[in-house]
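For reference, the chains in residue letters:
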Amino acid sequence: MIKEALKLPTRDIMAVALILRHVDEMVEILSEMRSKIIENSDNYDAKRYLPCRLRSGMIMRSLKDHWVTCLLTAAVWEARSLERLHGTLDNLKHVFGTVPPEQPSREFYRAVVEDLNL
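For clarity, every value in this text was computed on a predicted model and none was experimentally measured.

1. As for the overall build of the protein chain
Step number 1: Along the protein chain, the regular secondary structure elements total 6 helices and 0 strands.
Step number 2: Ordering the α and β elements of the protein chain from the N terminus gives α-α-α-α-α-α.
Step number 3: For the protein chain, the proportion of its 118 residues judged to be buried stands at 34%.
Step number 4: Across the protein chain, every contact between residues at least 6 apart in sequence was considered, and the portion connecting residues at least 24 apart equals 74%.
Step number 5: Of the roughly 7700 Å² that the protein chain leaves accessible, carbon and sulfur atoms contribute 57%.

2. Looking at unusual backbone geometry
Step number 1: Positive phi outside glycine occurs at Lys64, with the angle close to 55°.
Step number 2: On the secondary structure map, Lys64 appears in the loop between helix H3 (53-63) and helix H4 (67-86).

3. As for the nonpolar core
Step number 1: Counting residues in hydrophobic clusters, the biggest one holds 20 residues, and the most contacted among them are Met26, Leu63, Trp67 and Phe108.
Step number 2: Of all the elements in the fold, those that place two or more residues in this core are helix H2 (10-39), H3, H4 and helix H6 (103-115).
Step number 3: At 9 residues, the largest contribution of residues to this core is made by H2.
Step number 4: Residues contacting Trp67, with those up to four places away along its chain left out, are Met26, Met60, Phe108, Tyr109, Val112 and Val113.

4. Some words on the pattern of salt bridges
A side chain of one charge can pair with a side chain of the opposite charge if their charged atoms are brought near each other.
Step number 1: If you walk through the whole model with that rule in mind, you get 6 salt bridges.
Step number 2: With a closest N to O distance of 2.9 Å, Arg34 and Glu78 form a salt bridge. Of the two residues, Arg34 is situated in helix H2 and Glu78 in helix H4; the sequence distance between them amounts to 44 residues.
Step number 3: The exposure class assigned to Glu78 is buried, which follows from its relative accessible area of 5%.

5. A few points about the side chain of Arg34
Step number 1: Judged by relative accessible area, which is 3%, Arg34 ranks as buried.
Step number 2: At 2.9 Å, the side chain of Arg34 and the side chain of Glu78 are in polar contact.

6. Focus on the side chain of Ser56
Step number 1: Here Ser56 shows up in helix H3.
Step number 2: Given a relative accessible area of 0%, Ser56 falls into the buried group.
Step number 3: Of note is the side chain of Ser56, whose polar atom sits 2.8 Å from the backbone oxygen of Cys52.

7. Observations regarding the confidence of the model for the protein chain
Close inspection of predicted coordinates is inappropriate for parts of the model with low pLDDT.
Step number 1: Of the residues in the protein chain, 73% reach a pLDDT of 70 or more, and the chain-wide mean stands at 79.
Step number 2: Looking at the elements of the protein chain, mean pLDDT is at its lowest for helix H5 (residues 89-96), recorded as 57, and at its highest for H3, recorded as 90.

8. Comments concerning H3
Step number 1: For H3, every residue scored as buried is listed here: Ser56, Gly57, Ile59, Met60 and Leu63. End-on view of H3: buried residues confined to an arc of 165°, all on one side of the axis. Those residues of H3 that are exposed and angled more than 90 degrees off the buried face are Leu54 and Arg61.
Step number 2: Phi turns positive one or two residues past the end of H3, at Lys64, with a value near 55°.

Cut-offs used in this document
- Residues numbered from 1 in each chain as written.
- Predicted model: local features only at pLDDT ≥ 70, side-chain atom pairs only at ≥ 80, totals over all residues.
- Heavy atoms only, no water.
- Helix = DSSP H or I, 4+ residues; strand = E, 2+ residues; numbered from the N terminus.
- Buried < 20%, exposed > 50% of the residue type's maximum accessible area, 1.4 Å probe, protein only.
- Contact = heavy atoms within 4.5 Å.
- Areas by Shrake-Rupley, 256 points an atom, 1.4 Å probe, with all protein chains shown as cover.
- Core = buried A, V, L, I, M, F, W, Y, C linked by side-chain atoms within 4.5 Å.
- Salt bridge = Lys/Arg side-chain N within 4 Å of Asp/Glu carboxyl O.
- Polar contact = N/O pair within 3.5 Å; in protein donor to acceptor, adjacent residues only side chain to side chain.
- pLDDT = per-residue confidence, 0-100.
- Arc of directions from axis to C-beta.

Here is the structure:
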């Protein structure tokens, strides 16, 4: 279906399909990280929010070089879902306090690059 919709080389179509196949799982990871951040927002410790190494590694293994694109897509997807659920940015601040919408994706990227050694 994607192949007929896009007039791109086959490798680009395969990359888009791969990213779309894994974006839901990446959104789940970001949502879990957001929950952990909100639960412990009063005593912030970046090490506490590390995602599961096995789960992250399996996604990275499957996505290969496209993991950052998938992470960005999932971050936008999650932020838009929150916005649709809770309304405006002011309502988001009321619900989630000082946790900005992009923080889980930043934490995930930092964890993958620095802490998990993936």
